[in-house]
Amino acid sequence: MAFKQPTTTEFPYSLTISLPLPTNRLASCALRALEVDAELSPFVRRALTLEAPAVEAPSEPQEKKQKQDPEESKTLLNITYTATTNRMLRVSVNGFMESLGVVLGVMAELDIDVLKAEMEG
């Protein structure tokens, strides 16, 4: 899905949400689940991307960091909204947050890794 960067005069209101997730697999799963629902309003644009966190976890050994696949380090889900009015931005983000809550709830209930961690912990 290509995201055309709107001009600030067309879409002057913006918000970026950065959601850190524990693994690339979970971040990718959330991205795929959330990107299927297109924005209903032509006055709002949304872009979803996966990125590596700016600050790496200091507890990871250096050799593990070097062996890690660059894609595996992408655990930060960034959601950028732009809108023509602050009201359109608020309404769209509220709807997105509801969808995000459902996706994260399902992941917590059904994800094998999460269930395994709860059983061990």
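The structure we're discussing is the one just above.
For clarity, every value in this text was computed on a predicted model and none was experimentally measured.

Trainee: I would appreciate a short explanation of the overall build of the protein chain in the present structure.
Mentor: Of the regular secondary structure elements, the protein chain holds 4 helices and 3 strands. A separation threshold of at least 6 residues defines the contact pool for the protein chain, and within that pool the share at least 24 residues apart is 77%. When the accessible area of the protein chain is evaluated, it comes to approximately 8300 Å², of which 58% is carbon and sulfur surface.

Trainee: I keep staring at the pattern of salt bridges and nothing clicks. Help me out?
Mentor: Side-chain pairs of opposite charge can arise where the charged atoms are in close proximity. Throughout the structure, instances matching the rule amount to 2 salt bridges. Among the salt bridges present, the one from R46 reaches E39, with a minimum N-O distance of 3.3 Å. Taking the relative accessible area as the measure of exposure, R46 reaches 12% and is therefore buried.

Trainee: Please explain the packing of helix α1 (residues 24-35) against helix α3 (residues 86-110) as it appears in this structure.
Mentor: Helices that pack against each other are described as a pair by the angle of their axes relative to one another and the distance between those axes. Packing of α1 against α3 leaves a shortest axis separation of 10 Å and a crossing angle of 135°. With respect to α3, the element α1 is oriented oblique. Taken as a pair, α1 and α3 cross one another with a handedness that is right-handed. Contacts from L26, A30, A33 and L34 in α1 reach F96, S99, L100, V103 and M107 in α3.

Trainee: Which parts of the structure should I look at to understand α1?
Mentor: An α-helical segment advances 3.6 residues per turn. Residues three or four places apart therefore align on the same side. For α1, which comprises 12 residues, the first-to-last C-alpha distance of 16 Å matches the rise-based estimate of 16 Å (1.5 Å per residue) to within 8%. Along α1, the residues classified as buried are N24, L26, A27, S28, A30, L31 and L34.

Trainee: Whenever I open this one, the sheet that holds strand β1 (residues 13-20) confuses me. Can you help?
Mentor: Two pairing modes exist for strands in a sheet, parallel and antiparallel, and in both the strands are linked by backbone hydrogen bonds. On the basis of which strands lie adjacent, the open sheet formed by 3 strands has the order β1-β3-β2 and antiparallel pairing. Since the sheet does not close on itself, it has two edges, and those belong to β1 and β2 (44-51), each with one partner. The sheet shows a mean angle of 15° between the axes of neighbouring strands, direction not considered. Judged from the 8 bridges that link them, β2 and strand β3 (residues 76-83) form a sheet pairing that is antiparallel. In the sheet register, R45 faces β3, and the bridge partner there is T82. The strands touched by α1 within the sheet are β2 and β3, with β2 carrying the most contacts at an inclination of about 160°. In this fold α3 packs onto β1, β2 and β3, with an angle of close to 15° to the strand it touches most, β1.

Here is what the cut-offs are and how they apply
Residues numbered from 1 in each chain as written. Predicted model: local features only at pLDDT ≥ 70, side-chain atom pairs only at ≥ 80, totals over all residues. Heavy atoms only, no water. Helix = DSSP H or I, 4+ residues; strand = E, 2+ residues; numbered from the N terminus. Contact = heavy atoms within 4.5 Å. Areas by Shrake-Rupley, 256 points an atom, 1.4 Å probe, with all protein chains shown as cover. Salt bridge = Lys/Arg side-chain N within 4 Å of Asp/Glu carboxyl O. Buried < 20%, exposed > 50% of the residue type's maximum accessible area, 1.4 Å probe, protein only. Axes fitted to C-alpha atoms, helices over the stretch in contact; angles between N-to-C directions. Parallel < 35°, antiparallel > 145°, perpendicular 65-115°, else oblique. Left-handed = near helix turned anticlockwise from the far one by under 90°. Expected span 1.5 Å × (residues − 1). Pairing = 2+ DSSP bridges.

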